[in-house]
Amino acid sequence: MFENMKLGTKIIIGFSLILAIAVFLGILAVYQMSVVQEQSTTLAKEYVPEVKVAAEIERAFSAAALDTRGYGINGAKNFYDGAKNKIAEAENKIKDAVDLAGKSIVIKEDMKKLLGDVETSKKDYIAAIDRTRDAFEDANTAVANMTKSGGDLLDSATKYLESQDELMEADIKEGKTADELAKRHRKIKNITTIISYGTSIRIEALRAMLSKDAEQIKGVNVFFDKIPALIDELRADTKQPVNIKQLDMVDSSAKEYRKNIGDLTASWIELKKVAELRLAAVNAISAATGKLAEHGTSNTDTIANNTNDSLGNAAIAMEIGLLIAIVVGLALAFFITRSITTAITRVINGLNDGANQVAAASSQVSTASQQLAEGATEQASALEESSSA
C-alpha cells in the first residue's frame, strides 16, 4: 500500500508521524511538569511552612519551660514574666499555624487535629504555671506568717522568762522558802525549754526551706507536741495577769506557728505536684509539635520521592520517545528516499530506453536514406545510359 502512494503523500505521512511523536512527547513532558509543579507548590506553601511553624512553637515553649523551671525553683518574678512572654510568643506562632491550616488544601484537616492537641496541652501548661504562681504566693504568705508567729512565740516566752528571772531575784532577796524557789525555778526551766523548742523549730524550718523538703519540716512537730504540756504546767503555777497573758500569747503563737508551717508544707507539696503537671504538659506540647513537624517532614519526603519518580519516568519516556522518533524517522527517511530514488531511476531508465529507441530509429532512417540515395544514383545512371544510346 505504501509503495503505491504518491510521493507527496508519503512525505506528508512521514512528517505527520514525526510531528505526532513530538507532540506526544511534549504533552507528556507538560503533564509530568504540571504534576511536579503541583507537588512543589504543596511542598512550598503547606508542608515546609508546617515544619517551620511547628519548630517555632516548640522552640517558644522550650524557652518558656526554661523560665518556668527557674520560677519553680526560686519563685523569682522575672522568671514568671519571662515564661509568660515566651508563652505569648508561642500563642502567636499557634495562631500562625491555625492561619496556615485555614489556607491549606492538602494538610488542612490533619493540621487542625494536631493543633488541637497543642492547644489542649498549652492550656494545661498555662494552668500549671498559674497554680505554681498561686502556690508560691501561698508559700510566701506562710513564710511571712511564720516569721510573725514565730517571733511572737519567742518574744512572749522571753518576756515571761525575764519576768520570772526578776521574780526569782526578788524571791531570793526576800528569803523565800526552798519550795517556792524550786517552783520558780521550774517555771524558768519550762519557759526556757519552750524558748529552746521555738528556736529549734525556727532552725529546722529554715533548713527545710532551703530544700523545700516537706518531710524534713515535719520534724518540728516533735517540738510542737511538747509545748502544750509545758504551757499547762506553767499556767497552773502562774498568778500574775501579765504573765498569764504572756502564756496565752505563747500558746496562741505556737498554734499559729504550727499552722503556718503546715500551710508552707502544703504549698511545697502543691509546688511539687504542679511541677509534675508542668513537665507533663510541656512534654505533651513537645510531642504534639513533634507530630506536627513529622507530618510535614514525612510528606516532604514523600513529595520529594514522588517528584524524583515523576522526573525519572518522564526522562525515561522522553528517551524512549526520542528513540522511537529516531527509528521512525530513519525508517521513513529510508522508505521515502527509496521511493524517490526508485521513481527517479525508473524515469531515467525510461528516458534511456527512449533514447536508445530514438537512436535505433535514427540509424534505420539513415540506412534507409542511404539506400534511397544509392537507388536514385543507379536510376540516374540508367537514364544517362538510355539517353546516350
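Residues numbered from 1 in each chain as written. Predicted model: local features only at pLDDT ≥ 70, side-chain atom pairs only at ≥ 80, totals over all residues. Heavy atoms only, no water.

S.K.: Which parts of the structure should I look at to understand the overall build of the chain?
M.R.: Looking only at helices and strands, the chain has seven helices and zero strands in total. Mapped from its N terminus to its C terminus, the chain presents α and β elements in the order α-α-α-α-α-α-α. Within the chain, the fraction of its 389 residues that count as buried is 31%. As displayed, the chain offers around 23200 Å² of accessible surface, 60% of which is attributable to carbon and sulfur atoms. (Helix = DSSP H or I, 4+ residues; strand = E, 2+ residues; numbered from the N terminus. Buried < 20%, exposed > 50% of the residue type's maximum accessible area, 1.4 Å probe, protein only. Areas by Shrake-Rupley, 256 points an atom, 1.4 Å probe, with all protein chains shown as cover.)

S.K.: Would you explain the pattern of salt bridges in this entry?
M.R.: A side chain of one charge can pair with a side chain of the opposite charge when the charged atoms of the two come close. The final tally for this structure, using the stated rule, is 22 salt bridges. Measuring nitrogen to oxygen at the nearest pair gives 3.2 Å for the salt bridge that ties Asp134 to Arg133. On the basis of relative accessibility, which here comes to 33%, the residue Asp134 falls in the partly exposed class. Salt bridges sharing common partners tie together Asp232, Arg235, Asp248, Asp251 and Lys255. (Salt bridge = Lys/Arg side-chain N within 4 Å of Asp/Glu carboxyl O.)

S.K.: Looking at this model, I keep getting lost on the packing of helix H3 (residues 108-174) against helix H4 (residues 178-211). Mind explaining?
M.R.: The axes of two packed helices give the description: the angle between them and the distance between them. Direction vectors running N to C along H3 and H4 enclose 160°, while the axes themselves pass 9 Å from each other. By the angle between their directions, the pair H3 and H4 is classed as roughly antiparallel. Helix-helix and strand crossings are classified by hand; for H3 and H4 the assignment is left-handed. By residue class, the composition of the contact of H3 with H4 is 17 nonpolar, nine polar and five charged. (Axes fitted to C-alpha atoms, helices over the stretch in contact; angles between N-to-C directions. Parallel < 35°, antiparallel > 145°, perpendicular 65-115°, else oblique. Left-handed = near helix turned anticlockwise from the far one by under 90°. Nonpolar A, V, L, I, M, F, W, Y, C, P; charged D, E, K, R; others polar.)

S.K.: Would you take a moment to explain the nonpolar core for this structure?
M.R.: Soluble globular proteins: nonpolar side chains tend toward being buried together. Residues Met111, Tyr125, Ile191, Ile194 and Ile261 are the most contacted members of the largest nonpolar core, which totals 65 residues. At the level of secondary structure, the elements contributing two or more residues to this core comprise helix H1 (7-74), helix H2 (77-103), H3, H4, helix H6 (221-237) and helix H7 (241-388). The dominant element in this core, judged by the number of residues it contributes, is H3, at 18 residues. (Core = buried A, V, L, I, M, F, W, Y, C linked by side-chain atoms within 4.5 Å.)

S.K.: Looking at this structure, how should I read the packing of aromatic side chains?
M.R.: Between two aromatic rings, the relevant description is the distance of the centres plus the angle of the planes. A complete count under the given rule lists five aromatic pairs for this structure. Each ring, one from Tyr71 and one from Phe136, has its centre 5.2 Å from the other, and the planes form 50°; the classification is tilted. Taken together, the residues Tyr71 in helix H1 and Phe136 in helix H3 connect sequence positions 65 residues apart. The class of Phe136 is buried, set by a relative accessible area of 6%. Ring centres 5.6 Å apart and planes at 45° place the aromatic pair Tyr197 and Phe223 in the tilted group. With Tyr197 in helix H4 and Phe223 in helix H6, this pair connects stretches of sequence that are 26 residues apart. With relative accessibility at 16%, the residue Tyr197 sits in the buried group. Following the ring pairs from residue to residue traces out a cluster consisting of Tyr71, Tyr80 and Phe136. (Phe/Tyr/Trp six-rings, centres within 6.5 Å; stacked < 30°, edge-to-face > 60°.)

S.K.: Would you take a moment to explain the side chain of Thr132 for this structure?
M.R.: On the secondary structure map, Thr132 appears in helix H3. The exposure class of Thr132 is buried, given its relative accessible area of 0%. When neighbours within four sequence positions are excluded, Thr132 is seen to be in contact with Tyr71, Leu271, Val274 and Arg278. (Contact = heavy atoms within 4.5 Å.)

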